[in-house]
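Observations on the three-dimensional arrangement
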Amino acid sequence: MTRPAPHRFAPSILREYDIRGIVGDTLHPADATAVGRAFATLVTRAGSTRIAVGRDGRTHSAALQDALVTGLTAAGCDVVRIGVGPTPMLYFTEAVLGVDAAVMVTGSHNPPSYNGFKLVHAHRPFYADQITDLGALAAAGDWTDAPHPGQVSDLDSATRYVDRLIEGPDLPPLRIGWDAGNGAAGAIVKQLTARLPGEHHLLFTAIDGSFPNHHPDPTIDANLADLRALVLREELDLGIAFDGDGDRIGVIDHRGRTLPADRLLAILAEPVLAAHPGATIIGDVKMSQILFDRIAALGGTPVMGRAGHAPMKDAMRDTGALLAGEQSGHIFFADDYLGYDDALYAALRLIRTLTDKPLADLADALPARTATPELRFASTEDRKFDVVAEVAARLAAAGATVDTTDGVRVTMPDGWWLLRASNTQDLLVARAEGRDQPGCDRLIAALNTQLVLSNASPAT
């Protein structure tokens, strides 16, 4: 048998948390086969043999899945395909249905031309140095060449997944709008809401990888326009939106206001801490100081962690945290759930907090601050980390109060500002939060000064 040739990936697709690129440009079916062969090689050498595979609804996901499975089986792994669905459904399959690892074919919240792979092994995210090692193994052609290819089977785990989602206390019969954004969660949203009490109005549940109605990223407020209009027109209690693969949540209250993820996490923290006094709760570096102060006021232990779904899961394991969240809308429960980011489950936990008060009242009870949305501006892959390092060095030399958990988060009398490099896109990401608008403006000015000194685009 001829040994397969080594394979070199475009360096830009080997990201911190996953493998992701532009189909037909930096990502091709041959890359998918190499990902499968390399991942299966690493998995089999660790003593595992059975891998679950899922995919989102993008136009190229089926072809990439086929190429991926070719590589996985060539290295001797048996593959269990679960079909089209949200990434959390694949996490559920890996966690409870008797497989050793998992690969999700998904472009997540990125534009339609993107696709990629999220990987899990032994109930833990596969990322960072592990992805680097996968690339090095492929480049060396150090594959496992199995004498017999693995077998492929199909499994419908959707019903068991929905069963698990709705476990727990009864939900109040609210009137809710749901926007699946034509993403991979659409069919599950339909199944789920059919089993919930109350009245449910569904938007864009048809899975369509061209995303004909709006881009599937609920962290961008413009993408919530249809949901906001629905909530206001029908006078609903709230609206819930998902990203392209169902692991990010966006929320609208009955007044049509967007609830940022840090305020959402502050609301979700209260019942967790009531049931588990003193519990650790993690928020990422982009989240409001209000969140960390609120956790402490409720008797919990607040921890500021790195952004990113993979490091957040590891941080939860390391600290024993029962709840965590990112400003991007990833919410993780480990009190009576499985510790991964599942926007559908987070939606149900939110609904359970609304037995006595509307969402708007819970949000209004939190202190007011003036904050920017997440500011994103282009930077090349090889420059974005250098800019952050330069800013950090200047601030350290000036004696500023800086947290370098993830990028630079600078505390000033007016509040704080953050600059970090995106690990999923060629972007610098910034955010500022002040006690009032003039304070926020001063924080942005301080941030812009640092960007100009590094010849980077100023934030707006």
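Residues numbered from 1 in each chain as written. Predicted model: local features only at pLDDT ≥ 70, side-chain atom pairs only at ≥ 80, totals over all residues. Heavy atoms only, no water.

**Some remarks on the sheet that holds strand β14 (residues 323-325)**
Taking strand neighbours across the sheet as the criterion, the 4 strands line up as β13-β12-β14-β15 in an open arrangement whose pairing is mixed. Strand pairing shows two members of the sheet lacking a second neighbour, β13 (301-305) and β15 (331-333), which therefore form its edges. Taken pair by pair, the neighbouring strands of this sheet meet at an average axis angle of 15°, ignoring direction. Two elements, strand β12 (residues 280-284) and β13, share 5 bridges in a ladder whose sense is parallel. Residue pairing for β13: D284 is matched across the bridge by G305. Docked against the sheet, helix α8 (residues 261-275) engages β12, β14 and β15, running at close to 175° with respect to β14. Sheet contacts for helix α10 (residues 309-319): β12, β14 and β15; angle to β12, the most-contacted strand, approximately 160°. (Pairing = 2+ DSSP bridges. Helix = DSSP H or I, 4+ residues; strand = E, 2+ residues; numbered from the N terminus. Axes fitted to C-alpha atoms, helices over the stretch in contact; angles between N-to-C directions. Contact = heavy atoms within 4.5 Å.)

**Here we look at the environment of V96**
Of note, V96 is situated in helix α3 (residues 87-96). Residues V96 and L338, 242 residues apart in the sequence, show an inter-C-alpha distance of 9.4 Å.

**Concerning the sheet that holds strand β8 (residues 175-179)**
In spatial order, the strands read β9-β8-β10-β11; together these 4 strands make up an open sheet with mixed pairing. Each having just a single partner strand, β9 (199-203) and β11 (249-253) make up the two edges of the open sheet. With strand direction ignored, the average angle separating the axes of adjacent strands in the sheet is 20°. Of the strand pairs in this sheet, β8 and β9 are connected by 5 bridges, and their pairing is parallel. From the neighbouring strand, I176 faces β9, where its bridge partner is H200. Sheet contacts for helix α11 (residues 343-352): β8, β10 (238-242) and β11; angle to β10, the most-contacted strand, approximately 165°.

Purely geometric numbers; function is a separate question.
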